[in-house]
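Inside the fold
Given next are the chains, with one letter for each unit.
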Amino acid sequence: MPRAGLTADRVVAAAADLADEVGFEQVSVSALARRLDVKDASLYSHIRNLQDLRTRIALLAGGELIDRIAAAVAGRSGKDALTAFADAYREFALERPGRYAATQARIDQALIADSPALHRTAEITYGMLRAYGLAEPDLTDAVRLLRSTFHGYCALEATGGFGAPREVRRSWDKAVAALHIALENWPRETHP
């Protein structure tokens, strides 16, 4: 029988908070049970196993990230939307490191196919890029460029990987401005 007051949502939220504190890969059922002051077995009324817990953290974090991005880009287009999108992404990665790491975890596609957050992420990201006049397959290529640039930058920044004396934020702003130029001048795929 589930412990009173303990719900699947509460378990996942506590696990996401724990991930932010100790790192996503350090989250375990035992560590979460200690945090919630319950026995490990009590959690199995709400989750199947550690992989299920990590998948749920990833889905929660993905929803939180896209909510933040959606609020930032609302009513914007072009460079303004790209900058707002990028800044919201970076802020989430730096403020919520465990949750952000969860969004990068490989998850079984069958488990997330019906995820509202996944559909919303695609809708907002592709919508922003369509303002640059992009269509498939260029949209997919542009998404991959943005994701790899944003993730690489955030991962390096989080680990102190930028050693030059230049302010990291100024470099970020230049990178986003360069991405805007790249998107405006995208080498479009030609169809026969």
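Quick notes on the rules
- Residues numbered from 1 in each chain as written.
- Predicted model: local features only at pLDDT ≥ 70, side-chain atom pairs only at ≥ 80, totals over all residues.
- Heavy atoms only, no water.
- Helix = DSSP H or I, 4+ residues; strand = E, 2+ residues; numbered from the N terminus.
- Buried < 20%, exposed > 50% of the residue type's maximum accessible area, 1.4 Å probe, protein only.
- Contact = heavy atoms within 4.5 Å.
- Areas by Shrake-Rupley, 256 points an atom, 1.4 Å probe, with all protein chains shown as cover.
- Lys, Arg positive; Asp, Glu negative; His and termini not counted.
- Charge placed at Lys NZ, Arg CZ, Asp CG, Glu CD.
- Phe/Tyr/Trp six-rings, centres within 6.5 Å; stacked < 30°, edge-to-face > 60°.
- Lys NZ or Arg CZ within 6 Å of the ring centre and 35° of its normal.

**Overview of the overall build of the protein chain**
- On a plain count of helices and strands, the protein chain comes out with 10 helices and zero strands.
- Counted from the first residue to the last, the protein chain has its helices and strands arranged as α-α-α-α-α-α-α-α-α-α.
- The principal-axis extents of the C-alpha atoms in the protein chain amount to approximately 60 × 45 × 30 Å.
- Within the protein chain, the proportion of its 192 residues that are buried is 40%.
- The long-range fraction of contacts in the protein chain, counting pairs at least 24 apart against all pairs at least 6 apart in sequence, stands at 66%.
- A total of about 10700 Å² of accessible surface is found on the protein chain, and carbon and sulfur atoms cover 53% of it.
- Here the protein chain contributes 24 positively and 25 negatively charged side chains, and the mean placements of these two sets differ by 3 Å.

**A few points about the packing of aromatic side chains**
- Applying the stated criterion across every chain, the model contains six aromatic pairs.
- When the centroid spacing of 6.1 Å and the interplanar angle of 35° are considered together, the rings of Phe85 and Phe150 count as tilted. Remark: Phe150 occurs in helix α9 (residues 138-158) and Phe85 occurs in helix α5 (residues 78-95); sequence separation between them is 65 residues. Both residues of the pair, Phe85 and Phe150, belong to the buried class.
- For the pair Tyr153 and Trp172, a centre-to-centre distance of 5.0 Å together with 65° between the ring planes defines the contact as edge-to-face. Separated by 19 residues along the polypeptide, Tyr153 in helix α9 and Trp172 in helix α10 (residues 168-184) bring together distant segments of the chain. For the pair Tyr153 and Trp172, a shared accessibility class is recorded, and that class is buried.
- Grouping aromatic residues by their ring pairs yields a cluster made of Phe85, Tyr89, Tyr100, Phe150, Tyr153, Phe162 and Trp172.
- Over the ring of Phe24 we find Arg54, and its NZ or CZ is 5.7 Å from the ring centre.

Read these as geometric descriptors, not functional statements.
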